[in-house]
Amino acid sequence: MAAGKTPTIKQCVSKGRENDSVVAEMDGALLVQRGSFPYFALVAFDVGGFLRLLLLLLAAPLAWISRHLLSESAEVRVLVFACFAGVKVRDIQSAAHAVLPKHYSEDLHPDTWRVLSSCGGRKCVATVNPRIMVEPFLKNYLDVDFVLGTEILSWRGVATGFVAAPGVLSGEAKAVAVGKVFEDSSVPEIGIGDVETSDFLFMNLCKEKYTVPSKSRIHPVKPDGLPKPVIFHDGRLVQKPTPLKALLIILWLPIAVPLSILRVIFAALSPLSLTYYIFHTLGCSITIKGAPPPKAKNSNGVAFVCSHRSLVDSVALSAAIGRSTTSVAYSIARLTEIASPVKTRRLTRNRIHDAKIISDILKSGLDLIIFPEGTTCREKYLLRFSSLFAELTDGIVPVAIHLRGVMFYPSTVRGHKWMDMFFFAMDPRPKYEVTFLDKLSPEQTCGGSGKSCYEVANNVQKMIGRALKFECTNLTRKDKYRMLAGTDGLVGEKR
């Protein structure tokens with residue numbers, strides 16, 4: 001069937017589809033993005049860092065030529081080889097599970113998703129890209145029943161860079177794969193394809209056929225339109241690296257490395273009274289809203305209870321407070337602990353022992369920085385607050401901390417934590433926003449009101465959530481690490 005005679009997805013009625021099955025092409029149909037390079041680049045950087053990203057970038061011109069002079073299948077073969085050759089399959093699976101869902105979720109085509117989500121029968125998505133890349137997102141976040149994609153070859157758990165038979169899933173191979181999915185049932189009611197690929201063979205198996213036209217200004221589905229939001233994700237790159245953005249990252253590297261070392265050294269050696277000004281001088285801005293309470297003489301220290309965005313939070317907060325503080329953390333890399341200008345005490349997850357550590361700090365008169373979430377969260381959510389701080393003190397100051405970066409995430413679940421401070425320092429211009437909320441009144445604390453420590457902790461979480469316009473959740477540190485890495489989050493723990 002000619003593309004011009006096929007109705008567009010805009011014309012597809014989504015009501016009354018409770019019993020209908022659907023087959024959708026992924027690239028250019030389910031996703032607004034038609035090119036595969038950004039997603040391969042995300043995996044390449046995650047499994048091989050700057051060198052693998054450079055290799056993929058050097059292969060990009062060949063992939064482009066292959067697509068336009070040969071076929072889309074030839075392009076995929078080039079990208080698969082450049083990205084996967086010599087990489088452990090489990091590392092590819094890990095990246096697909098922890099890194100790609102966030103970026104796929106930001107690229108869903110609104111009309112295709114409207115139709116796909118309305119169908120109550122079998123949902124099948126087909127793609128020329130490797131199934132290993134797309135399956136975690138489609139099954140875990142979109143509730144797709146069948147994922148059809150290109151299979152990759154491996155030897156002893158290592159990807160060879162080649163695709164397995166029957167080759168790249170396009171044309172007749174895609175139609176055969178779709179036919180096998182529905183061979184024990186009636187043909188699917190709806191088939192959705194990309195108008196640019198002319199890959200309509202699989203659509204001929206469907207009762208109704210729709211194409212997704214190429215439009216430059218399509219707004220993807222908003223996060224609240226998904227059945228399951230992507231709260232946790234990993235990977236170092238903030239944005240999807242198009243070829244141009246990937247080139248800028250590579251070109252920035254010779255500047256970023258010495259700049260990061262300079263920033264880390266100055267932050268580590270400078271007195272806290274100068275940290276705020278040094279941060280600004282070196283391109284790391286700190287915006288302060290509100291004011292911390294003044295230091296009271298001959299009294300216990302104050303507990304600054306904060307949202308958590310990166311390991312640099314305690315340094316930025318200490319710079320905003322303008323006086324010496326002590327931070328506590330469940331796990332921190334040794335190098336980070338040495339380089340930090342803020343004294344850090346390790347918590348052990350033994351509630352009695354941790355309570356003594358925190359109590360001793362406060363009784364000594366030192367101000368305490370505590371992150372009751374126990375880990376960072378990149379999206380606009382707050383994890384459940386541990387109530388330990390509310391048990392031990394009534395001197396509580398909630399602090400809303402937000403961090404914006406343009407290139408790198410300074411946190412990781414599966415990577416090297418000692419690199420976190422360097423990725424923060426390699427970002428061209430990270431921006432911190434520190435908002436001091438009012439110190440809790442006696443009526444808001446355990447000692448002054450008789451409230452339970454859980455009520456106080458939940459109230460502090462809500463106060464910070466309102467200040468940041470973040471959603472409060474009951475998710476915990478363990479939820480995050482088990483979802484992304486299969487561990488409990490201890491430094492050095494292996495899956």
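Preceding block: the structure.
1. Some thoughts on the packing of helix 4 (residues 89–98) against helix 7 (residues 131–141)
And then number 1: Contact geometry of helix 4 with helix 7 gives a least axis separation of 8 Å together with a crossing angle of 35°. Judged by the sense of rotation from one axis to the other, the crossing of helix 4 with helix 7 is right-handed. Contacts between helix 4 and helix 7 involve Val89, Ile92, Gln93, Ala96 and His97 from the former and Ile132, Met133, Pro136 and Asn140 from the latter.

2. A few points about the sheet that holds strand 2 (residues 123–130)
And then number 1: Spatially, five strands are ordered 3-2-1-6-7 in an open sheet, and the strand pairing comes out parallel. What marks the edges here is a single partner per strand, and that holds for strand 3 (146–150) and strand 7 (208–212). Averaged over all pairs of adjacent strands, the angle between their axes in this sheet comes to 15°, without regard to strand direction.
And then number 2: Its contacts with the sheet put helix 6 (residues 110–118) on strand 1 (22–25), strand 2, strand 6 (190–194) and strand 7, and the angle it makes with strand 6 is roughly 155°.

3. A look at the sheet that holds strand 15 (residues 431–436)
And then number 1: Read across the open sheet, the seven strands follow the order 8-15-14-9-12-10-11; overall the sheet is mixed. Either end of the sheet is taken by a strand with one partner, and the two such strands are strand 8 (285–289) and strand 11 (343–346). Here the strands of the sheet are splayed against their neighbours by 25° on average, with no regard to which way each runs.
And then number 2: Pairing geometry for strand 14 (residues 396–404) and strand 15, over six bridges, is antiparallel. When the sheet's bridge partners are listed, Arg404 is paired in strand 15 with Lys431.

4. With respect to the pairing of strand 1
And then number 1: A two-sided burial pattern is seen for strand 1, the buried positions comprising Val22 and Ala24 on one face and Val23 and Glu25 on the other.
And then number 2: As paired elements, strand 1 and strand 2 share four bridges and run parallel to each other. Residue pairing in the sheet places Val22 in a bridge with Lys123 of strand 2.

5. Considerations on the side chain of Thr412
And then number 1: Residue position: Thr412 is located in the loop between strand 14 and helix 15 (420–426).
And then number 2: Judged by relative accessible area, Thr412 falls into the buried class, the value being 8%.
And then number 3: Among the polar contacts made by the side chain of Thr412, one reaches the main-chain amide nitrogen of Arg414 at a distance of 3.4 Å.
And then number 4: With residues up to four places along the chain from it excluded, the contact list for Thr412 reads Asp234, Arg236, Arg378, Lys417, Asp420 and Tyr481.

6. Some details on unusual backbone geometry
And then number 1: For the peptide bond that leads from Ala165 to Pro166, omega is 10°, which places it in the cis range.
And then number 2: In this structure, Pro166 sits in the loop between strand 5 (158–163) and helix 8 (172–181).
And then number 3: Phi at Arg156 is positive, roughly 55°, even though this residue is not glycine.
And then number 4: For Arg156, the position within the fold is in the loop between strand 4 (152–155) and strand 5.
And then number 5: Phi at Arg349 is positive, roughly 75°, even though this residue is not glycine.

Rules used in this analysis
- Residues numbered from 1 in each chain as written.
- Predicted model: local features only at pLDDT ≥ 70, side-chain atom pairs only at ≥ 80, totals over all residues.
- Heavy atoms only, no water.
- Axes fitted to C-alpha atoms, helices over the stretch in contact; angles between N-to-C directions.
- Helix = DSSP H or I, 4+ residues; strand = E, 2+ residues; numbered from the N terminus.
- Left-handed = near helix turned anticlockwise from the far one by under 90°.
- Contact = heavy atoms within 4.5 Å.
- Pairing = 2+ DSSP bridges.
- Buried < 20%, exposed > 50% of the residue type's maximum accessible area, 1.4 Å probe, protein only.
- Polar contact = N/O pair within 3.5 Å; in protein donor to acceptor, adjacent residues only side chain to side chain.

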